[in-house]
Amino acid sequence: MRVGIPRSLLYYKYLPFWKTFLTRLGAEVETSPLTNKKILSRGVEVAENELCVPVKAFYGHCMALRDNGVDAIFVPRVVSVEERAYTCPKFLGLPDMIGAVAGPLGLPPLLTPRLNQREKPREFKWQLIDFARRQFGRSKLDAVAALESARLAQRSYQAGLVGGKKPLDLLPNSRFNVPRSRPPAEQRKRIGLLGHPYNIYDGYITQNLVARLEEMGAELVLPEMTEHHELMQAATDVPKQLYWSYEKEIMGAINLWTENKAVDGVVYVLAFACGPDSMIQVLIEHRARIHDVPLMSLIIDEHSGEAGLITRIEAFLDMLMRKKKTAAA
Ligand code: SF4
């Protein structure tokens, strides 16, 4: 069976795991191409208007996979990835949202394992064993072996990220965000690039933000460079615990960066109409302010243009440079 994985949303977090798991179950895995104009505009056309841009792009990626003739599309329902916390509601409803248009769009069947470990840790294991049995007719032993390989692949991906690689360096065919040239190391500024990986690393949606920042002299510091448990620990430094696991990672990153003076400034990328991010945006801006770390919030949607983005980044980096000179004088 040829199974398509859309190159959007949790692709940037879990591709090594999903791809290895499905391959070990006997699937031939294919990913959709990099987001492009056609993919995004098709997604925008069929998705509800009030959705965030990465979810709109997800629709377009499903259509690209349909055009490539895959037999099924992998759309997991990721409810919770840890105890007593949830992911964004969009991830809970993704199979329903895509399922609602699957008929009219002629999409192939969706593979939608439900992943929920809110009540019990390690619940994923049983949910995926059940998925392997129902969808691929595989035994428990086969599923456990596939899971073990998938875990190793994911661990090696995460070790690469903590070691300083970007997801774009490690995921297949991702070299879209490559800087054309970079200023010498002594002229660079340490910029914390904050946000969900699918917002930051989708080069089409963010107008090549990663490359543009590096070309203009940013030495990027990314949440993925910190061990997950450290981010989670640092995220507890808020008056009330957050509900959403992925927002906790973002909160943990800004807390660590400001506490350790690890960055000269922060660029926070968030999607227009994103509920969870709009809640933590206030906390993030407050945190940056009390630690005197300049922060620029970039809100992206399907209309974001490159010219406006470049002007804003240039102004932000100039301001950081002036701040540095004033402090040194
Ligand atoms: S967290 Fe925000 S950007 Fe991400 S899927 Fe949910 S609404 Fe969209």
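None of these values were measured; they are calculated from a predicted model.

Peer 1: Outline the sheet that holds strand E8 (residues 218-221), listing residues and values.
Peer 2: An order of E8-E7-E9-E10 is seen for the four strands of this open sheet, with the pairing classed as parallel. Strands with a single pairing partner mark the edges of an open sheet, and in this sheet they are E8 and strand E10 (295-300). For this sheet, the mean angle separating the axes of adjacent strands, direction not counted, is 30°. Here strand E7 (residues 189-194) pairs with strand E9 (residues 265-271) via four bridges, running parallel. Looking across to E9, one finds that glycine 192 is bridged to valine 266. Here helix H12 (residues 275-290) sits on the sheet in contact with E7, E9 and E10, set at roughly 170° to E9.

Peer 1: Describe in detail the pattern of salt bridges, supporting the description with residues and values.
Peer 2: As enumerated under the stated definition, the model contains 18 salt bridges in all. Close ionic contact of arginine 188 with glutamate 219 constitutes a salt bridge, the shortest N to O distance being 2.9 Å. Remark: glutamate 219 occurs in strand E8 and arginine 188 occurs in the loop between helix H7 (167-170) and E7; sequence separation between them is 31 residues. Given a relative accessible area of 34%, glutamate 219 falls into the partly exposed group. Where salt bridges share partners, they join Arg42, Arg66 and Asp67 into one cluster.

Peer 1: Give a description of helix H13 (residues 306-328) that names residues and reports values.
Peer 2: Taking 1.5 Å per residue, 23 residues should reach 33 Å; H13 reaches 33 Å between its end C-alpha atoms and fits that length. Regarding H13, the residues found buried are Leu309, Ile313, Phe316, Leu317 and Leu320. At its buried positions, H13 is contacted by E7, helix H9 (209-215), E9 and E10.

Peer 1: Residue-level account of unusual backbone geometry, with values.
Peer 2: With the exception of glycine, most residues fall at negative phi, and the peptide bonds are largely trans. Not every positive phi belongs to a glycine, and asparagine 208 is a case in point at roughly 60°. By secondary structure assignment, the location of asparagine 208 is in the loop between helix H8 (197-200) and H9. Under the relative-accessibility criterion, asparagine 208 is labelled buried at 14%. A positive phi angle is found at alanine 273, which is not glycine, with a value near 75°. Take alanine 273: it is sitting in the loop between E9 and H12.

Peer 1: Run through the pairing of strand E2 (residues 28-31), naming residues and quoting values.
Peer 2: In terms of strand pairing, strand E1 (residues 2-5) meets E2 through four bridges, oriented parallel. Of the residues in E2, the one forming a bridge with glycine 4 is glutamate 30. Read as a crossover between parallel neighbours, the route from E1 over helix H1 (residues 11-24) to E2 is right-handed.

Peer 1: Account for the site of the ligand, naming residues and giving values.
Peer 2: Neighbouring the ligand are Cys52, Pro54, Val55, Cys88, Lys90, His196, Tyr198, Asn199, Glu247, Ala271 and Cys274. For the shell around the ligand, the secondary structure elements donating two or more residues are helix H3 (53-67) and H8. The class makeup of the residues in the shell around the ligand is seven nonpolar, two polar and two charged. The two domains that each donate at least three residues to the shell around the ligand are domain 1 (2-162) and domain 2 (176-328).

Peer 1: Report on the domain arrangement of the protein, specifying residues and quantitative values.
Peer 2: Segmentation of the protein into domains returns domain 1 (2-162) and domain 2 (176-328). Computed over C-alpha atoms, the centres of domain 1 and domain 2 are 26 Å apart. In this complex, domain 1 contributes 30 residues to the contact, which on the side of domain 2 involves 26 residues. A combined buried area of about 2,300 Å² lies between domain 1 and domain 2, and 65% of that area is made up of carbon and sulfur atoms. When residues of domain 1 are sorted by the area they lose upon contact with domain 2, Tyr12, Val53 and Val162 head the list and together hold 23% of the total. Between domain 1 and domain 2 we count three salt bridges in total.

Peer 1: Kindly report on the packing of aromatic side chains, identifying the contributing residues and their values.
Peer 2: Aromatic ring pairs are defined here through the distance separating the ring centres and the angle between the ring planes. Counted under the stated rule, the structure contains eleven aromatic pairs. For the ring pair tyrosine 11 and tyrosine 12, a centre distance of 5.0 Å and an interplane angle of 80° mean the geometry is edge-to-face. Here the two residues tyrosine 11 and tyrosine 12 agree in accessibility, since each one is buried. Three or more aromatic residues joined by ring pairs form one cluster here, namely Tyr14, Phe17, Trp18, Phe21, Phe74, Phe131 and Phe136.

Peer 1: Kindly report on the sheet that holds E1, identifying the contributing residues and their values.
Peer 2: The strand order across the open sheet built from four strands is E2-E1-E3-E5, with neighbouring strands paired in parallel fashion. Each having just a single partner strand, E2 and strand E5 (110-111) make up the two edges of the open sheet.

Peer 1: Tell me about H1, and name the residues and values.
Peer 2: Maximal helix bending in H1 amounts to about 30°, located at phenylalanine 17. Most of H1 sits inside the fold, with ten of its 14 residues counted as buried. Tyr11, Tyr12, Lys13, Tyr14, Leu15, Pro16, Phe17, Trp18, Phe21 and Leu22 are the residues of H1 that are buried.

The rules behind each value
- Residues numbered from 1 in each chain as written.
- Predicted model: local features only at pLDDT ≥ 70, side-chain atom pairs only at ≥ 80, totals over all residues.
- Heavy atoms only, no water.
- Pairing = 2+ DSSP bridges.
- Helix = DSSP H or I, 4+ residues; strand = E, 2+ residues; numbered from the N terminus.
- Axes fitted to C-alpha atoms, helices over the stretch in contact; angles between N-to-C directions.
- Contact = heavy atoms within 4.5 Å.
- Salt bridge = Lys/Arg side-chain N within 4 Å of Asp/Glu carboxyl O.
- Buried < 20%, exposed > 50% of the residue type's maximum accessible area, 1.4 Å probe, protein only.
- Expected span 1.5 Å × (residues − 1).
- Right-handed = clockwise from strand over helix to strand, strands pointing away.
- Near = heavy atom within 4 Å.
- Nonpolar A, V, L, I, M, F, W, Y, C, P; charged D, E, K, R; others polar.
- Domains from an automatic or database assignment.
- Buried area = accessible area lost by both parts, 1.4 Å probe.
- Phe/Tyr/Trp six-rings, centres within 6.5 Å; stacked < 30°, edge-to-face > 60°.
- Bend = angle between axes of the 7 residues up to and from the residue.

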